[in-house]
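In case you want the letters, here they are:
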Amino acid sequence: MRYFIRAIKYFIYFMLLLAVMMFALYALKMTDANAKDFPSMFFKNGYDSMKIMLLVFAGVSALYPMLGFAKIKAIIPGEYADVRGLILDYMEDHGYYLEKEEGENLSFRACSIFRKVTRMYEDRIELERDYTGFLVKGKRSDIVRIIHGLEAKARKSE
């Protein structure tokens, strides 16, 4: 269900971006003012081009959650009690607050409203305890950066 909701969110996001770009082109008078209908102002084939663009955006929106979100292992050796403080400090320094803690699993959310909005409120980073560290779930670009930072900080603390 989460995948489907993310796909819908990205489709709406892409449609809003398209609308903003079209409005900007219209406001700057960079469109064909003599066109017979609205889609012909922007697209060569009018409604046919709009249908193709909608299909392309729908396809990209359907694939993006699979490519943009991931679950990657972070190797952070040590007992949970020892690494918990290290993780909390690192995440706090990088703009995340602890949302919930269930056993040895942690969930963080972004503090910044700007970060929340630009990620369409998909700003949650989850750390699930594993034998060798944690499985980190969230937006791929965020978790790769976080994993490298956490692993480097864990190596320094040793």
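A. Here's a closer look at the overall build of the protein chain. Within the protein chain, the regular secondary structure consists of six helices and five strands. For the protein chain, the sequential pattern of α-helices and β-strands runs α-α-α-β-α-β-β-α-β-β-α. Overall, the C-alpha framework of the protein chain stretches about 70 × 30 × 25 Å when taken along its three principal axes. The proportion of buried residues among the 158 residues of the protein chain is 36%. Contacts in the protein chain between residues far apart in sequence, at least 24 positions, make up 54% of those at least 6 positions apart. Carbon and sulfur atoms form 63% of the exposed surface of the protein chain, whose accessible area is close to 10,200 Å².

B. Examining a nonpolar patch on the surface more closely. On the surface, a cluster of nonpolar side chains totalling about 650 Å² of accessible area is made up of Met1, Phe4, Ile5, Ile8, Ile12 and Leu16. With respect to the helices, strands and loops of the structure, phenylalanine 4 is situated in helix H1 (residues 2-27). Judged by its relative accessible area of 52%, phenylalanine 4 falls in the exposed class.

C. Main features of the packing of aromatic side chains. Evaluated as defined, the whole model comprises six aromatic pairs. Plain terms: the ring middles of tyrosine 10 and phenylalanine 14 are 6.3 Å apart, the flat faces sit at 45° to each other, and that makes the pair tilted. Here tyrosine 10 pairs with phenylalanine 14, and both are found in helix H1, just four residues apart, close to one helical turn. There is no split in this pair, since tyrosine 10 and phenylalanine 14 are both buried. Each ring, one from tyrosine 13 and one from phenylalanine 14, has its centre 6.1 Å from the other, and the planes form 50°; the classification is tilted. An aromatic cluster of at least three residues, connected via ring pairs, comprises Tyr10, Tyr13, Phe14, Phe57 and Tyr64. Geometry around phenylalanine 134 places arginine 129 over its ring, the cationic atom sitting 4.9 Å from the centre. Sitting above the plane of the phenylalanine 69 ring, lysine 139 keeps its charged end 5.6 Å from the centroid.

Procedures and definitions
- Residues numbered from 1 in each chain as written.
- Predicted model: local features only at pLDDT ≥ 70, side-chain atom pairs only at ≥ 80, totals over all residues.
- Heavy atoms only, no water.
- Helix = DSSP H or I, 4+ residues; strand = E, 2+ residues; numbered from the N terminus.
- Buried < 20%, exposed > 50% of the residue type's maximum accessible area, 1.4 Å probe, protein only.
- Contact = heavy atoms within 4.5 Å.
- Areas by Shrake-Rupley, 256 points an atom, 1.4 Å probe, with all protein chains shown as cover.
- Patch = residues over 30% accessible without salt bridge, like charges linked within 9 Å, V, L, I, M, F, W, Y side chains within 5 Å.
- Salt bridge = Lys/Arg side-chain N within 4 Å of Asp/Glu carboxyl O.
- Phe/Tyr/Trp six-rings, centres within 6.5 Å; stacked < 30°, edge-to-face > 60°.
- Lys NZ or Arg CZ within 6 Å of the ring centre and 35° of its normal.

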